[in-house]
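Spelled out, the chains give:
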Amino acid sequence: MGMTGGAAMPLVSLRGLNKSFGAQQVLFDVDLDVAPGEVVVVIGPSGSGKSTLCRCINRLETIDSGDILIGGEPLAQEGRALASMRAQIGMVFQQFNLFSHRTVLENVAMGPRKVLRHSRAEAEANARRLLARVGLAHKADAAPAELSGGQQQRVALARALAMSPKLMLFDEPTSALDPEMVSEVLAVMLELAKSGMTMIVVTHEMGFARQAADRIVFMDGGRIVEIAEPEPFFAGPRSERARDFLSSILPH
């Protein structure tokens, strides 16, 4: 770290974010700072605005008002500046969105070749290293359709990491998976969290939240209701809404 003086500048700053879909407002004055290397896990009931918040951070959704700063720079509106900023933000969704007609290796190597202009040899060597990191070195030449959902999601993770992002966004990355595949994806995400990657993770996996998060952000009704470290949050959230939420999902 070695920063003198105050805390490092946040990698992500959200200021007064408002977002509506038609007449329905889904985000209300959301403020959030995420420090470099921090893992922030966003939880809350369905429809609380978690996924929309995640998608606004790389402008997959536009915002109505407010500011998004990445590394202190305002997030570009469009064009080349937005593309170059987006290239620094990896995203893993519910759906894996792999290119079905390309091999696993090609899926992971494609972004660095096209966007970062890496040579084929360099991109493929890096792709193999990342596939090994997610436990799929042996599937490099497979087609996505030959893989389980959990394996496809780990390839999607390797593909995002291949761009050397500064920030990784995860939007319910395990919600489309069969239960027995969830843990293999969470294990890779936990390893990534421990490696120092800055991560914003929308999930309903409370075990992961407890293990991986530096801070928990609890959302309800389009607002951030509470932000806390995992231990105090799970031991006893301050807000009634968070208490209700936890009692509805955690075993009694």
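Residues numbered from 1 in each chain as written. Predicted model: local features only at pLDDT ≥ 70, side-chain atom pairs only at ≥ 80, totals over all residues. Heavy atoms only, no water.

## As for unusual backbone geometry
Notably, R117 is not glycine yet its phi reads approximately 60°, a positive angle. Residue position: R117 is located in the loop between α3 (104-114) and α4 (120-133). Here R117 falls in the exposed class, since its relative accessible area comes to 67%. One non-glycine residue with positive phi stands out, namely E172, at about 45°. (Helix = DSSP H or I, 4+ residues; strand = E, 2+ residues; numbered from the N terminus. Buried < 20%, exposed > 50% of the residue type's maximum accessible area, 1.4 Å probe, protein only.)

## Some points on the side chain of E38
Residue position: E38 is located in the loop between β2 (24-34) and β3 (39-43). A polar contact of 2.9 Å, which involves the side chain of E38, links it to the backbone nitrogen of A35. In this view, E38 contacts D33, M197, T198, M199, D214 and R215; residues no more than four positions away in its chain are not counted. (Polar contact = N/O pair within 3.5 Å; in protein donor to acceptor, adjacent residues only side chain to side chain. Contact = heavy atoms within 4.5 Å.)

## What about the confidence of the model for the protein?
Taken residue by residue, the protein gives an average pLDDT of 91. The fraction at 70 or more is 96%. Scored below 50 in pLDDT, residues 1-5 makes two contacts in the model with residues more than four places away or belonging to other chains. (pLDDT = per-residue confidence, 0-100.)

## Here we look at the nonpolar core
Counting residues in each nonpolar core, the largest one holds 54 residues, and the members touching the most others are M168 and M199. In terms of residue count, the dominant contributor to this core is helix α6 (residues 179-194) (nine residues). Dropping the residues within four chain positions of it, M199 is found in contact with E38, V39, V40, L167, M168, F170, M189, L192 and A193. Ranked by size, the runner-up nonpolar core spans 29 residues in total, among them L32, C54, V202 and V217. (Core = buried A, V, L, I, M, F, W, Y, C linked by side-chain atoms within 4.5 Å.)

## Some remarks on the state of the cysteines
Enumeration according to the criterion identifies zero disulfides in this entry. Considering cysteine sulfurs only, C56 is the nearest to C54, which forms no disulfide, with 9.4 Å between them. Overall, the relative accessible area of 0% leaves C56 in the buried class. (Disulfide = S-S within 2.5 Å.)

## Overview of the sheet that holds strand β5 (residues 73-74)
Ordered by their spatial adjacency, four strands build an open sheet running β2-β1-β4-β5, and the pairing between neighbours is antiparallel. In the strand order of this sheet, the two ends are held by β2 and β5, each with one partner. As paired elements, strand β1 (residues 12-21) and β2 share seven bridges and run antiparallel to each other. Looking at the pairing, V12 lines up with V34 of β2. (Pairing = 2+ DSSP bridges.)

## Side note on the packing of aromatic side chains
Following the criterion strictly, the structure yields three aromatic pairs and no others. When the centroid spacing of 6.3 Å and the interplanar angle of 35° are considered together, the rings of F218 and F233 count as tilted. Pair noted here: F218 is in strand β9 (residues 215-220) and F233 is in helix α8 (residues 230-235), with a separation of 15 residues, a long-range link. We note that F218, like F233, is buried. The lysine or arginine in question, R223, covers the ring of F28, its NZ or CZ lying 4.1 Å from the ring centre. (Phe/Tyr/Trp six-rings, centres within 6.5 Å; stacked < 30°, edge-to-face > 60°. Lys NZ or Arg CZ within 6 Å of the ring centre and 35° of its normal.)

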